[in-house]
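Each chain is listed here by its residues.
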Amino acid sequence: MTNAIEAKLAELGVTLETPALPAANYVPTVQVGDLVYVSGQIPIEGGKMVIGTLGDDMDVDGGVAAARLCAISLLTQAKAACGGDLDRLVRVVKLTGFVNSTGDFTDQPKVINGASDFFVEALGEIGRHSRSAVSAPSLPFGVAVEIEGIFQIK
């Protein structure tokens, strides 16, 4: 049986694939009580990382699309932490978004809106969250965006 979240994702054309494995010495999620902390997720599309620097070789729209990919990966990891049952998801609590950007680029919030907008569109009210959007002079592998998240589950 498909739950409401899975149905909405299907309507949006989003499929949650197998969660990515860590690229270094860490775990993808840690659960403390009813909170799940999801390690930073990077944008991957078609098996390739989305590389770029905002304010240099990538525009805001490209950054927004990269942030949306990160959000999909975050939800994939949260689903795994829920034992595959998104009915256990209570809410998105907080996102911290890192934007690979030049020193004079100031639209980090617009970029991370790609993730925030996805969560609200896919999850409705439980997708609303607190958030930080910060600049980084570089990110692992040269990716455009990395986002970590905190989710409440039951």
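Q: Pulling in residues and values, what's your account of the pattern of salt bridges?
A: Evaluated as defined, the whole model comprises 4 salt bridges. For Glu6, the salt bridge is made with Lys79, and the minimal N-O distance between the two is 2.8 Å. A residue pair is termed long-range when its members are at least 10 positions apart, and Glu6 in helix 1 (residues 4–11) and Lys79 in helix 2 (residues 60–81) qualify at 73 residues. Under the relative-accessibility criterion, Glu6 is labelled partly exposed at 22%.

Q: Report on the environment of Val14, specifying residues and quantitative values.
A: The topology assignment puts Val14 in the loop between helix 1 and strand 1 (29–32). Distance from Val14 to Leu74, taken between C-alpha atoms, is 13 Å for residues 60 residues apart in sequence. Those residues in contact with Val14 that sit more than four places away from it in its chain are Leu9, Arg68, Ile72 and Phe118.

Q: Quick one: what's the story with the layout of surface pockets, residue by residue and with numbers?
A: Where empty space is left becomes clear once a probe the size of a water molecule has been rolled over the atoms. What the largest pocket holds in volume is close to 620 Å³. What lines the largest pocket is a set of 30 residues, among which Ala20, Gln41, Ile42, Ile44 and Ser73 lie closest to the centre. The biggest single contributor to the lining of the largest pocket is helix 2, with 7 residues. Partitioning the lining of the largest pocket into residue classes produces 17 nonpolar, 9 polar and 4 charged.

Quick notes on the rules
Residues numbered from 1 in each chain as written. Predicted model: local features only at pLDDT ≥ 70, side-chain atom pairs only at ≥ 80, totals over all residues. Heavy atoms only, no water. Salt bridge = Lys/Arg side-chain N within 4 Å of Asp/Glu carboxyl O. Helix = DSSP H or I, 4+ residues; strand = E, 2+ residues; numbered from the N terminus. Buried < 20%, exposed > 50% of the residue type's maximum accessible area, 1.4 Å probe, protein only. Contact = heavy atoms within 4.5 Å. 1 Å grid on protein atoms, 1.4 Å probe; cavity = no way out; pocket = protein on both sides within 12 Å on 5 of 7 lines; lining within 4 Å. Points joined across faces, edges and corners; volume = space filled by probe spheres on them. Nonpolar A, V, L, I, M, F, W, Y, C, P; charged D, E, K, R; others polar.

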